[in-house]
Amino acid sequence: MKKLAHLSEFLENIGLRECIAVHSAAAHPTVLAGQLAESSHLLRGRVVHSLLPYGPVPYAQVPARDHLELSTFLPGAGLRAALDAGRLHVMRQPLSEAPHSFNEANPVGAVLLRVSPPDDTGKVSLGVAVDYMPAALQAARRVVAEIDPAMPRTAGDGWLSAARIDAFVDAVDGPHEVAPGQPDAIDEAIASHVAGLLTDGAVLQLGVGSLPDQVLAKLGHLKHLGLHTGIIGDGARALIERGIIDNSTKEVCPGVCVATMALGTRAFYAFMDRNPAIELHPCSMTHGKQVLRRLGRLHAINAALQVDLHGRVNAEWAGSRQVSAPGGLPDFSRAAAALAGGRSIIALRARDRKGGSAIVPELPPGRPCSLQPAEVDCYVTEYGVAAVRGCSADARRKALIAIAHPGHRDTLMRCGGT
């Protein structure tokens, strides 16, 4: 590895057809992201892939984004301005398919990483984000790394020989922190209903944020839970330390929590460092159909913005504004719904931010459907649970109206024909 003065000297030879992949989420590299933005005029028209980036994302801001073609499987707040401006291509494939995007038809000119310093064996850790990085690295012509002494060395498949790194820079900060969300009374009510659906031995998939954290906080009465998820955060720590999440019933990686990335506090990242109880794996494994169908008691708990009376789910659009993408939602929800002992759970607030009903007669025309009715077993709002597995279309409509906000139920009954 040679120390790099500036990324620009490394990017001049990126081919016209070659893309650049930037490390994801909390591992998003601050120094390299800044230098990528400064070098954007050298990369006119090149595609830059990033996934849920945290911290500064200057290459997604004016003027850098006007030189680049930005692409993502999941935008997050870091790419929201570019998305609103029509300067971001959102790929709607499930996250399990993301690694297949890096191949001969989509060659990778460079991967920009944030990694731990090399260990005694000469390997670095991808730390808190593995996702599709192994696939991008396998396809990459060049690799540049931001060496971060604060990056935890995580168990699993996120290890890379330092010899694979062509050049490096020193980090100026640590992995980006995400503070636990602050729940309100609605979060508390929804979380209580979701927790009531879970039993001993369930294998959980859920995200991070105030609602998932509240669900986890209400599971202290259960035993032998498992965790096989996309993102792991602080909310799981107490249950792991108390032995409530012991992963003893899991058919895949028994005894170990499995995720593809972590989002949390510095204390949680320290908890993950060299901790064999938590493994991070590529999303081709964590989200893969062949793996998920082996988890007989998988309970997928995910959030939505809107549900219509047919049971179709919108998790991507808030009114006329796109705010997200399918990500891992289809992978986990479809798998859980297909398992006899599994359960696909969709949680949403009964009202949207403008006070309108989040349960609507029909999804807006032209909006993509994130999940089909057959891919959901239970819908949950602060008003209760609509358990619809095996229900007729008419029974599903009635169950959904029953958990809508009381101020909207009469209108929904008239629109729904019930």
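Right above here is the structure, for reference.
Computed from a predicted model, the values in this text were never measured in an experiment. (Residues numbered from 1 in each chain as written. Predicted model: local features only at pLDDT ≥ 70, side-chain atom pairs only at ≥ 80, totals over all residues. Heavy atoms only, no water.)

Asker: I would appreciate a short explanation of the overall build of the protein in the present structure.
Answerer: On a plain count of helices and strands, the protein comes out with 13 helices and 26 strands. In terms of C-alpha radius of gyration, the protein reaches 22 Å, essentially the compact-globule figure of 22 Å for 418 residues. Along the three orthogonal principal directions, the C-alpha set of the protein runs to about 70 × 45 × 35 Å. For the protein, the proportion of its 418 residues judged to be buried stands at 58%. Within the protein, contacts between residues at least 6 apart in sequence are counted, and of these 70% link residues at least 24 apart. On the protein, roughly 16,100 Å² of surface is accessible, and the fraction owed to carbon and sulfur atoms is 52%. In the protein, 41 positive and 40 negative side-chain charges are present, and the distance between their average locations comes to 5 Å. (Helix = DSSP H or I, 4+ residues; strand = E, 2+ residues; numbered from the N terminus. Rg over C-alpha atoms; globule rule 2.2 N^0.38 Å. Buried < 20%, exposed > 50% of the residue type's maximum accessible area, 1.4 Å probe, protein only. Contact = heavy atoms within 4.5 Å. Areas by Shrake-Rupley, 256 points an atom, 1.4 Å probe, with all protein chains shown as cover. Lys, Arg positive; Asp, Glu negative; His and termini not counted. Charge placed at Lys NZ, Arg CZ, Asp CG, Glu CD.)

Asker: Got a minute to help me understand helix α12 (residues 393-402) in this structure?
Answerer: What sets the pattern is the α-helix's 3.6 residues per turn: residues three or four places apart point alike. Among the residues making up α12, those that are buried are Arg396, Leu400 and Ile401. Projected down its long axis, α12 carries its buried residues within an arc of 130°, all on one side. (Arc of directions from axis to C-beta.)

Asker: I keep staring at the sheet that holds strand β6 (residues 108-115) and nothing clicks. Help me out?
Answerer: Strand pairing in a sheet relies on backbone hydrogen bonds. The paired strands run either parallel or antiparallel. Spatially, the eight strands line up as an open sheet ordered β1-β11-β8-β6-β2-β3-β4-β5, and their pairing is parallel. Strand pairing shows two members of the sheet lacking a second neighbour, β1 (2-3) and β5 (88-90), which therefore form its edges. Pairing geometry for strand β8 (residues 140-147) and strand β11 (residues 167-170), over four bridges, is parallel. Looking across to β11, one finds that Ala145 is bridged to Phe168. Contacting β2 (19-22), β3 (47-49), β6, β8 and β11, helix α2 (residues 30-38) runs over the sheet at an angle of about 125° to β8. (Pairing = 2+ DSSP bridges. Axes fitted to C-alpha atoms, helices over the stretch in contact; angles between N-to-C directions.)

Asker: Explain the packing of aromatic side chains to me, please; I cannot follow it from the model alone.
Answerer: To describe a pair of aromatic rings, one takes the distance between the centres and the angle between the planes. Counted by the stated rule, this structure contains three aromatic pairs. For the pair Phe102 and Tyr132, a centre-to-centre distance of 5.1 Å together with 45° between the ring planes defines the contact as tilted. Of the two residues, Phe102 is situated in the loop between β5 and β6 and Tyr132 in the loop between β7 (123-125) and α4 (133-139); the sequence distance between them amounts to 30 residues. In this pair, the class of Phe102 matches that of Tyr132, namely buried. (Phe/Tyr/Trp six-rings, centres within 6.5 Å; stacked < 30°, edge-to-face > 60°.)

Asker: Any chance you could explain the pattern of salt bridges here in plain terms?
Answerer: When their charged atoms lie close together, side chains carrying opposite charge are able to pair. Inspection of the entire model under this criterion finds 21 salt bridges. The salt bridge partner of Arg114 is Asp173, with a shortest N-O separation of 3.0 Å. With Arg114 in strand β6 and Asp173 in the loop between β11 and α5 (185-195), this residue pair connects regions lying 59 residues apart in the sequence. Accessibility expressed as a relative area gives 28% for Asp173, which makes it partly exposed. (Salt bridge = Lys/Arg side-chain N within 4 Å of Asp/Glu carboxyl O.)

Asker: Whenever I open this one, the nonpolar core confuses me. Can you help?
Answerer: What tends to happen in soluble globular proteins is that the nonpolar side chains get buried as a cluster. In this structure, Leu36, Tyr59, Leu113, Leu219 and Ile232 are the most contacted members of the largest nonpolar core, which totals 106 residues. The dominant element in this core, judged by the number of residues it contributes, is β6, at six residues. If we ignore the near neighbours within four places in the chain, the residues touching Leu113 are His23, Pro29, Leu32, Leu126, Met133, Leu137, Val143, Val144, Ala145, Glu146 and Leu160. Of all hydrophobic cores here, the second largest spans 20 residues; its members include Ala304, Ile359, Val376 and Val388. (Core = buried A, V, L, I, M, F, W, Y, C linked by side-chain atoms within 4.5 Å.)

Asker: Quick question: what am I supposed to make of the packing of α5 against helix α6 (residues 210-217) here?
Answerer: When two helices pack together, their arrangement is given by the angle between their axes and by how far apart the axes lie. Here α5 crosses α6 at 50°, and the two axes come no closer than 8 Å. Classified by the angle between their axes, α5 and α6 sit oblique to one another. Of the two elements, α5 crosses α6, and the hand of that crossing is right-handed. The residues of α6 that touch α5, namely those facing Asp187, Glu188, Ile190, Ala191 and Val194, are Ser210, Leu211, Gln214 and Val215. (Parallel < 35°, antiparallel > 145°, perpendicular 65-115°, else oblique. Left-handed = near helix turned anticlockwise from the far one by under 90°.)

Asker: Help me out: how do you make sense of the sheet that holds strand β9 (residues 155-156) in this one?
Answerer: One open sheet holds the three strands; their spatial order is β9-β17-β15, and the pairing between them is parallel. Because the sheet does not close on itself, it has two edges, and the strands there are β9 and β15 (257-259).

Asker: Can you walk me through the pairing of strand β26 (residues 384-387) in this structure?
Answerer: Each regular strand displays side chains that alternate between the two surfaces of the sheet. The alternating pattern of β26 places Gly384 and Ala386 on a buried face and Val385 and Ala387 on a face that is not buried. Here four bridges tie strand β25 (residues 378-381) to β26, and the two strands are oriented antiparallel to one another. Within β26, the position partnered with Val380 by the bridge is Val385.

Asker: For this particular structure, what's the right way to read the environment of Ala25?
Answerer: By the element assignment, Ala25 lies in the loop between β2 and α2. Since its relative accessible area comes to 0%, Ala25 is described here as buried. For the pair Ala25 and Ala129, spaced 104 residues apart in sequence, the C-alpha to C-alpha distance is 6.7 Å. If we ignore the near neighbours within four places in the chain, the residues touching Ala25 are Leu51, Leu52, Pro53, Tyr54, His176, Met261 and Leu263.

Asker: Explain α5 to me, please; I cannot follow it from the model alone.
Answerer: Taken as a whole, α5 has its buried residues at Asp187, Ile190, Ala191, Val194 and Ala195. Summarising the axial view, the buried residues of α5 lie within an arc of 135°, below the 170-degree limit, and thus occupy one face. On its buried side, α5 packs onto α6, β18 (298-303), β23 (343-347) and β25. A distance of 3.1 Å separates the backbone nitrogen of Ile186 from a side-chain oxygen at the start of α5, and that oxygen is part of Asp184. (Polar contact = N/O pair within 3.5 Å; in protein donor to acceptor, adjacent residues only side chain to side chain.)

Asker: Can you walk me through the state of the cysteines in this structure?
Answerer: Structurally, a disulfide amounts to a covalent bond that connects the sulfur atoms of two cysteines. Scanning the model with the defined rule gives zero disulfides in all. Cys19 forms no disulfide, and the closest cysteine sulfur to it belongs to Cys283, at a distance of 15 Å. Free of any disulfide, Cys369 has its nearest neighbouring cysteine sulfur in Cys378, separated by 18 Å. Using a relative accessible area of 23% as the deciding quantity, one classes Cys369 as partly exposed. (Disulfide = S-S within 2.5 Å.)

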